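Understanding the architecture of this molecule
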Amino acid sequence: HMLERPDDIATLLVSNIAESNRDWTQYLAEMKAALARHQALLHQCVEAEGGHRFSTGGVFCAAFATAPAALRAAIAVRRALHSEQWQTLVPPRTRLVLHSGPVELPNEAYTGPTLDRAARLLDICHGGQTLLAGVTQRLVRDTLPPDVHLRDLGPHRLNDLLPPEQIAQLVVPNLPADFPPLK
């Protein structure tokens with residue numbers, strides 16, 4: 001369902017593809033097809049959990065009325081991307097972050113500090129990795145699927161934003177879980 005009021009607390013799922021520029025210039029047609037398929041998978045997973053899609057500057061975003069719905073969508077996205085047979089040399093390395101907080105909704109596009117923090121979180125995320133902000137971790141802790149867990153990555157300063165963000169990584173069985181330290 002849609003968020004009741006523009007000033008509601010929402011959980012944002014924000015995503016982009018890491019370092020795709022080099023692949024783009026070399027394999028334009030394949031990358032275009034892969035990107036379209038990638039977007040379609042994200043849309044499917046988001047809509048299945050009642051998320052409201054919007055995008056800002058090449059970044060895929062969706063807002064959810066509850067954090068558990070956003071988490072289920074993120075898990076579904078990870079599984080779908082992993083099992084897809086990509087026709088590109090390198091599969092898209094998707095960054096995914098979840099952050100919860102108040103959002104403003106002028107003209108169907110969410111704005112405000114929650115989105116800003118989510119974007120900063122995306123900057124330090126690796127392709128293939130899913131990160132949760134501290135507030136979102138607290139909101140999903142009691143509803144994690146039995147086989148899924150959160151790996152504590154500790155507090156991190158996001159550029160110049162204070163206070164530092166307590167970050168966790170989503171760990172889903174049979175999906176890549178080992179990444180370099182956060183950027």
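Being a predicted model, the structure only gives us computed values, none of them experimental. (Residues numbered from 1 in each chain as written. Predicted model: local features only at pLDDT ≥ 70, side-chain atom pairs only at ≥ 80, totals over all residues. Heavy atoms only, no water.)

1. Some points on the nonpolar core
Note on soluble globular proteins: their nonpolar side chains tend to be buried together. Formed by 28 residues in total, the largest nonpolar core has its most connected members in Leu13, Phe64, Leu71, Leu98 and Leu170. When residues of this core are traced back to their parent elements, those giving at least two are helix H2 (28-48), strand E3 (59-64), helix H3 (67-83) and strand E4 (94-102). Per-element tally for this core: the top contributor is H3, with 10 residues. Sequence-distant contacts of Leu13, that is, excluding residues within four places in its chain, are made with Phe60, Cys61, Ala62, Phe64, Ala70, Ala73, Ala74, Leu96, Val97 and Leu98. Grouped together as the second largest cluster of nonpolar side chains are 20 residues, Val14, Ala63, Val97 and Leu131 included. (Core = buried A, V, L, I, M, F, W, Y, C linked by side-chain atoms within 4.5 Å. Buried < 20%, exposed > 50% of the residue type's maximum accessible area, 1.4 Å probe, protein only. Helix = DSSP H or I, 4+ residues; strand = E, 2+ residues; numbered from the N terminus. Contact = heavy atoms within 4.5 Å.)

2. Structural notes on the confidence of the model for the chain
Of the residues in the chain, 87% reach a pLDDT of 70 or more, and the chain-wide mean stands at 86. Mean pLDDT across the elements of the chain bottoms out in helix H1 (residues 21-26) (66) and peaks in strand E5 (residues 130-132) (97). (pLDDT = per-residue confidence, 0-100.)

3. Quick word on H3
For H3, built from 17 residues, the straight-helix expectation of 24 Å at 1.5 Å per residue is met to within 8% by its first-to-last C-alpha distance of 24 Å. With respect to burial, H3 is a largely interior element, 12 of its 17 residues being buried. Among the residues of H3, Ala67, Pro68, Ala69, Ala70, Leu71, Ala73, Ala74, Ile75, Val77, Arg78, Ala80 and Leu81 are the ones counted as buried. One side-chain oxygen of the residue at the start of H3 lies 3.3 Å from the amide nitrogen of Ala69, identifying that residue as Thr66. (Expected span 1.5 Å × (residues − 1). Polar contact = N/O pair within 3.5 Å; in protein donor to acceptor, adjacent residues only side chain to side chain.)

4. Focus on the side chain of Gln129
Secondary-structure assignment places Gln129 in the loop between helix H4 (113-124) and E5. There is a polar contact of 3.0 Å between the side chain of Gln129 and the backbone nitrogen of His126. Residues in contact with Gln129, not counting those within four places in the same chain, are Arg78, Thr94, Arg95, Leu96, Leu153, Gln169, Phe179 and Leu182.

5. Points about the packing of H2 against H3
Angle between the axes and distance between the axes: these two values describe a pair of packed helices. Orientation of H2 relative to H3, taken along the N-to-C sense of each, is 145 degrees, at an axis distance of 9 Å. Of the two elements, H2 crosses H3, and the hand of that crossing is right-handed. On the side of H2, the interface is formed by His38, Leu41, Leu42, Cys45 and Val46, while H3 contributes Ala73, Ala76, Val77, Ala80 and Leu81. Class assignment for the residues of the contact of H2 with H3 results in 9 nonpolar, 1 polar and no charged. (Axes fitted to C-alpha atoms, helices over the stretch in contact; angles between N-to-C directions. Left-handed = near helix turned anticlockwise from the far one by under 90°. Nonpolar A, V, L, I, M, F, W, Y, C, P; charged D, E, K, R; others polar.)

6. Observations concerning the pairing of strand E1 (residues 9-17)
For E1, a buried count of 8 out of 9 residues is recorded, marking the element as mostly surrounded by other parts of the structure. Of the strand pairs in this sheet, E1 and E4 are connected by 9 bridges, and their pairing is antiparallel. Its bridge partner lying in E4, Leu12 is registered against His99. (Pairing = 2+ DSSP bridges.)

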